[in-house]
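Structural features, examined
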Amino acid sequence: MTKEEGQGAEEAQSKKGLKKQQKEAEKAAKKAEKQAKLAAEQQSTEEDDFAKDRYGVSAMVQSQQKVDRALVMVQDLTPKKADELIWLRARVHTSRAKGKQCFLVLRQQQFNVQALVAVGDRASKQMVKFAANITKESIVDVEAMVRRVEQKIESCTQQDVELHIERIFVISQAEPRLPLQLEDAVRPDGEGEEEGRATVNQDTKLDNRVIDLRTTTSQAIFRLQSGVCQLFRDTLTKKGFVEIQTPKIISAASEGGANVFTVSYFKTSAYLAQSPQLYKQMCICADFDKVFCVGPVFRAEDSNTHRHLTEFVGLDIEMAFNYHYHEVIDSITDTMVQIFKGLRDNFQTEIQMVNKQYPSEPFKFLEPTLRLEYTEAVAMLHEAGVEMGDEDDLSTPSEKLLGRLVKEKYDTDFYVLDKYPLAVRPFYTMPDPNNTKYSNSYDMFMRGEEILSGAQRIHDAQLLTERAMHHQIDLEKIKSYIDSFRYGAPPHGGGGIGLERVCMLYLGLHNVRQTSMFPRDPKRLTP
């Protein structure tokens with residue numbers, strides 16, 4: 001390359017660099033102009049925003065002040081409140097912006113209502129935009145006018161009114177990405193598959209239980225469960241029962257057998273109670289006459305089925321009787337019937353809500369409750385082609401089949417099976433005096449699944465010792481239990497009910513984890 005050629009190339013390069021610099025300067029100037037314009041627009045917008053004090057994110061509530069403001073409940077929003085200006089706190093369930101207005105669905109527990117923010121003399125464009133951008137599940141305080149609607153709002157529980165929002169403040173903001181969408185979590189399985197829409201599997205629901213418990217279905221299930229406990233307590237209290245509390249850390253396995261959790265207890269070992277059995281009986285020996293308790297029960301069974309949990313809530317009953325253990329059966333079945341009636345009469349809203357996602361037949365029961373003897377049940381199963389011995393325990397499929405046979409023949413979902421073979425019952429079960437192969441014991445069933453196991457207990461220390469030895473139980477470990485019967489014990493019996501199972505079967509659900517708030521099974525220890 002000659003000297004001249006080299007100079008020419010340098011000039012061309014510097015011209016190129018100059019052009020590039022000019023372009024970049026023009027670009028920067030345009031950007032600065034655009035930013036200035038935006039800032040000016042924002043400033044004028046803020047100046048023009050007449051509603052800027054009517055919306056926003058509130059300071060964190062740290063109990064700075066007491067506010068004299070009554071908040072209305074969503075379920076109380078009816079046409080009676082039409083044209084009233086009210087304050088309300090709720091979650092943003094959904095939001096949809098449409099032109100100069102934004103529709104929100106505000107949810108409180110299992111109730112929801114449609115709300116509207118529209119540009120007008122109470123709301124600015126900016127306020128509508130703010131409302132549209134509030135993340136789902138955020139908690140808001142709104143001041144709004146209650147308005148009647150001409151056409152029912154089918155998608156909300158409050159169908160006859162909507163709210164016209166005048167103020168809206170975010171009290172607690174939810175993160176934009178939710179682990180699951182509530183509308184997906186309540187979608188019936190079949191419907192989701194047909195329409196190609198998402199449904200949420202059970203493990204995802206349980207991993208994110210705090211969100212899942214907000215759904216209308218979960219809210220309804222656990223309000224109904226609370227009702228079961230309340231009805232259980234009220235009915236038994238009226239019958240003269242005393243509620244007791246029993247220890248859950250015990251020195252010997254309450255039911256015998258290996259299905260027990262061992263815990264370290266200072267320099268020795270203890271067990272988590274598989275049942276309050278022994279303590280209920282001690283209370284009967286201590287002249288409490290009729291007792292019940294509601295509390296956790298632990299079973300170390302490696303059962304990964306639809307109906308087993310390693311920790312569940314036991315509703316336990318024990319009572320002295322006069323001459324026949326059927327007095328106990330009558331008392332328990334009447335308690336169950338009162339619970340079923342109470343649920344039917346006072347929890348229709350909850351039952352319907354659960355039925356939307358999990359349709360099932362209404363629960364049927366008889367008064368007085370149907371009672372069958374074990375031998376009758378075995379005969380019914382033999383007739384239906386089931387091969388089993390007269391003294392064999394019922395398998396789960398046999399229990400379910402028996403439930404169907406009983407429903408066809410007697411039209412009831414609830415019945416008692418009496419006189420179980422002695423060989424399949426615990427050591428403290430009273431043998432049948434007329435046939436030593438059988439016992440004074442019974443199970444109760446709902447929709448073909450066992451919910452209660454009970455019996456007349458042995459109240460004689462000598463017979464109890466013999467039966468414990470027959471079951472190869474270490475007498476030293478149950479010494480205090482056997483000693484309870486040495487100083488005069490009334491004849492007595494009782495039973496234990498699984499709360500979660502009762503709720504599952506009453507509602508016709510298919511998995512006990514749906515009715516356990518934070519379930520524990522062999523594979524789940526969180527949340």
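Here's a quick rundown of the structure. (Residues numbered from 1 in each chain as written. Predicted model: local features only at pLDDT ≥ 70, side-chain atom pairs only at ≥ 80, totals over all residues. Heavy atoms only, no water.)

**Some details on the sheet that holds strand 9 (residues 262-265)**
As a reminder, the rule being used: When DSSP finds two or more bridges between a pair of strands, those strands are recorded as paired. In DSSP terms, a helix is any run of H or I states spanning at least four residues, a strand is any run of E spanning at least two, and both are numbered starting from the N terminus.
Pairing in this open sheet of 3 strands is antiparallel, and the strands run 8-10-9 from one edge to the other. The open sheet has two edge strands with one neighbour each: strand 8 (249-250) and strand 9. Of the strand pairs in this sheet, strand 9 and strand 10 (residues 268-272) are connected by 4 bridges, and their pairing is antiparallel. Residue T262 lies in a different strand from strand 10, and its bridge partner there is Y271.

**Quick look at the packing of helix 7 (residues 216-238) against helix 15 (residues 499-506)**
Our working definition: All axes here are fitted lines through C-alpha atoms, helices being fitted over the stretch that makes contact, and every angle between N-to-C directions spans 0 to 180 degrees. Should an angle fall under 35 degrees it is taken as roughly parallel, and over 145 as roughly antiparallel, whereas 65 to 115 is taken as roughly perpendicular and any remaining angle as oblique. Note on convention: near helix rotated counterclockwise from far helix by under a right angle means a left-handed crossing. Clockwise means right-handed. Pairs of residues are marked as contacts when any of their non-hydrogen atoms sit within 4.5 Å. Nonpolar residues are Ala, Val, Leu, Ile, Met, Phe, Trp, Tyr, Cys and Pro. Charged residues are Asp, Glu, Lys and Arg, and all others, Gly as well, are polar.
Where helix 7 meets helix 15, the axes come as close as 10 Å, and the angle between the chain directions of the two elements is 120°. By the criterion of interaxial angle, the relationship of helix 7 to helix 15 is oblique. The interaxial crossing formed by helix 7 with helix 15 has right-handed handedness. On helix 15, the residues that touch L224, Q225, V228 and C229 of helix 7 are L499, E500, V502, C503 and Y506. In terms of residue class, the contact of helix 7 with helix 15 is built from 7 nonpolar, 1 polar and 1 charged.

**Details of the sheet that holds strand 17 (residues 492-498)**
Read across the sheet, 8 strands follow the order 7-11-12-17-16-15-14-13 without closing on themselves; strand pairing throughout is mixed. If you trace the sheet from one side to the other, it starts and ends with strand 7 (242-243) and strand 13 (370-373), each paired once. Pairing analysis gives 4 bridges linking strand 13 to strand 14 (residues 414-418), with the strands arranged parallel. Paired with L370 across the strands is Y415, a residue of strand 14. Contacts from helix 12 (residues 396-410) reach strand 13, strand 14, strand 15 (441-446) and strand 16 (449-456), with the element oriented near 115° to strand 14.

**As for the pairing of strand 6 (residues 161-172)**
Sheet analysis places strand 1 (residues 55-57) next to strand 6, joined by 3 bridges and oriented parallel. Bridging across to strand 6, V57 finds its partner in V170. Bridge count between strand 4 (residues 111-118) and strand 6: 3 bridges; the pairing is parallel. Bridge pairing links L116 to H164 in strand 6.

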